[in-house]
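A look at the structure
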Amino acid sequence: MSTETLEKAKSNLPVKGFLDLKDIDIPQGEDLVKAILQLKEEKNAVILAHYYQPGEIQDIADFLGDSLQLARQAKDTDADMIVFCGVHFMAEAAKILNPTKKVVLPDTMAGCSLADGCSGEGLRKMREQHPNALIATYINCNAETKAESDIIVTSSNAETVIEALPTDRPIIFAPDKNLGRYLSKKTGRDMILWDGSCIVHEAFSMERIAQQLADNPDAKMIAHPESEEAVLKLAHFIGSTSALLNFVEKDDCQKFIIATEEGILHEMRKRAPHKELIPALVFDESCNCSECFYMKRNTMEKLYLCMKYELPEILIEEELRLRALKPIEAMLDLSKSIK
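These figures come from a predicted structure and were not determined experimentally. (Residues numbered from 1 in each chain as written. Predicted model: local features only at pLDDT ≥ 70, side-chain atom pairs only at ≥ 80, totals over all residues. Heavy atoms only, no water.)

**Re the UniProt feature "binding site: iminosuccinate" (unreviewed entry) in the protein chain**
What counts, and what does not: UniProt positions are given in the numbering used here, feature names are shortened, and annotations may be inferred rather than shown by experiment. In this text, helices come from DSSP runs of H or I with a minimum length of four residues, and strands from runs of E with a minimum of two, each type numbered from the N-terminal end. Contact definition: two residues touch when any of their heavy atoms are within 4.5 Å.
The UniProt feature table records "binding site: iminosuccinate" (unreviewed entry) at His 50, Ser 67, Tyr 138, Ile 139, Asn 140, Ser 155, His 224, Pro 225, Glu 226 and Thr 241. Inspection of the secondary structure puts Ser 67 in helix H5 (residues 67-76). Not counting residues up to four positions away in its chain, the partners in contact with Ser 67 are His 50, Met 90, Ile 139 and Thr 154. Relative to the helices and strands, Ile 139 is located in the loop between strand E5 (134-138) and helix H9 (143-147). What Ile 139 contacts, discounting residues up to four positions off in sequence, is Ser 67, Phe 89, Lys 146, Ile 152, Val 153 and Thr 154.

**With respect to the domain arrangement of the protein chain**
Reports of interface size often rely on the accessible area that becomes lost once the parts have come together. So the rule is basically this: Domain ranges listed in this record stem from an automatic or a database domain assignment. Accessible area that two parts lose when put together, evaluated with a 1.4 Å probe and summed over both, is termed the buried area. For this analysis, a salt bridge means a side-chain nitrogen from Lys or Arg found within 4 Å of a carboxyl oxygen belonging to Asp or Glu. Contacts described as polar in this section are N or O atom pairs within 3.5 Å, which, within protein, must combine one atom able to donate a hydrogen with one able to accept it, while residues neighboring in sequence count only if both atoms come from side chains. Polarity classes work like this: nonpolar for Ala, Val, Leu, Ile, Met, Phe, Trp, Tyr, Cys and Pro, charged for Asp, Glu, Lys and Arg, and polar for all others, with Gly in that last group.
Parsing the protein chain into structural domains produces domain 1 (3-111 + 294-320), domain 2 (114-197) and domain 3 (206-291). For domain 1 and domain 2, the distance between their C-alpha centres works out to 28 Å. By the criterion of area lost to domain 2, the three top residues of domain 1 are Leu 68, Phe 89 and Leu 320, representing 53% of everything that side buries. For the pair domain 1 and domain 2, the number of links is zero salt bridges. Taken together, the connections running from domain 1 to domain 2 amount to two residue pairs in polar contact (both at pLDDT 80 or more). Where the side of domain 1 that touches domain 2 is concerned, the elements lending two or more residues are H5 and helix H6 (88-97). Considered class by class, the residues forming the side of domain 1 that touches domain 2 number five nonpolar, one polar and two charged.

**Observations concerning the sheet that holds strand E1 (residues 45-50)**
Condition: Two strands are said to pair when DSSP picks up at least two bridges between them. To get an axis, a line is fitted to the C-alpha atoms, and for a helix only the part in contact is used. The angle between two axes follows their N-to-C directions and goes from 0 to 180 degrees.
With parallel pairing, four strands are arranged side by side in an open sheet as E2-E1-E3-E4. With partners counted over all chains shown, the strands left at the sheet margins are strand E2 (63-65) and strand E4 (102-104), one partner each. On average, adjacent strands in this sheet sit at an angle of 20 degrees to one another, irrespective of strand direction. Two strands pair when backbone bridges link them, and E1 and strand E3 (residues 81-85) are joined in this way by five bridges, in the parallel orientation. The residue bridging Leu 48 from the neighbouring strand is Phe 84, located in E3.

So this is what it looks like as structure tokens:
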């Protein structure tokens, strides 16, 4: 490959989101796995992957987890390079926690509807309208939004964090109104909700799921709290990504209807191979599961190129990083008791 080709691919990163190198021979199959593992060793890299990533990426990761688990791993790693297989805000959080380490993401266009729909400017305006309020922001947001927050939450620790906040101050919760509504009911705290939602978890069809439950009376339905309230009312169990995994693994039931992103089924099948797992149905009858196309932008080929050329790299201005770090550290301190 010529230097000119590589430089052109680098210049196209803001548009493409990944190194588009069509004339390079990328190993395939087991050879690709071996090549990635070799690069990991050569560069003292660690691969972090979310449960919603493609199965082959989950299989090669050093650490697999939800947002809280991955934030902890990112903070504690001694690797020189963090390769984050997830979406942009997750890799950005890793860089916030590790300013001296190189953080790369296979495809920077792996975004999030929640993060895209909530801005730091918008939160500043809400604070002006409610000057005594504390801003608790879901981790699914960009660095600018985090920087305007008092504390960050994940679906794993949100209830713990909200209950720990002073009761004499109102709470602004952003950007997921469904999670915020669920937390308000669980904690009894009134909250001012940002009008945002996850396009994946809002795709579930209450009518089709109700029919699934009728057709499978021996099944339990489990759901992520980002789902709409009507769907949550049908669920036997509601929890974070890691909580859903643990429930399927440990509960006596042998059949489950799963209302969250379908990538979680890969790890669920490993932990409970003898149980029947049924993806909850969505409105689109041409698709029988809910898939995040952002999460699936990352591929093994992009992962290989990302590690080989150490691009795309996540960079954050220091002043912004320090402001965004404060609410993340506040979250991690309050979450020490959560496994």
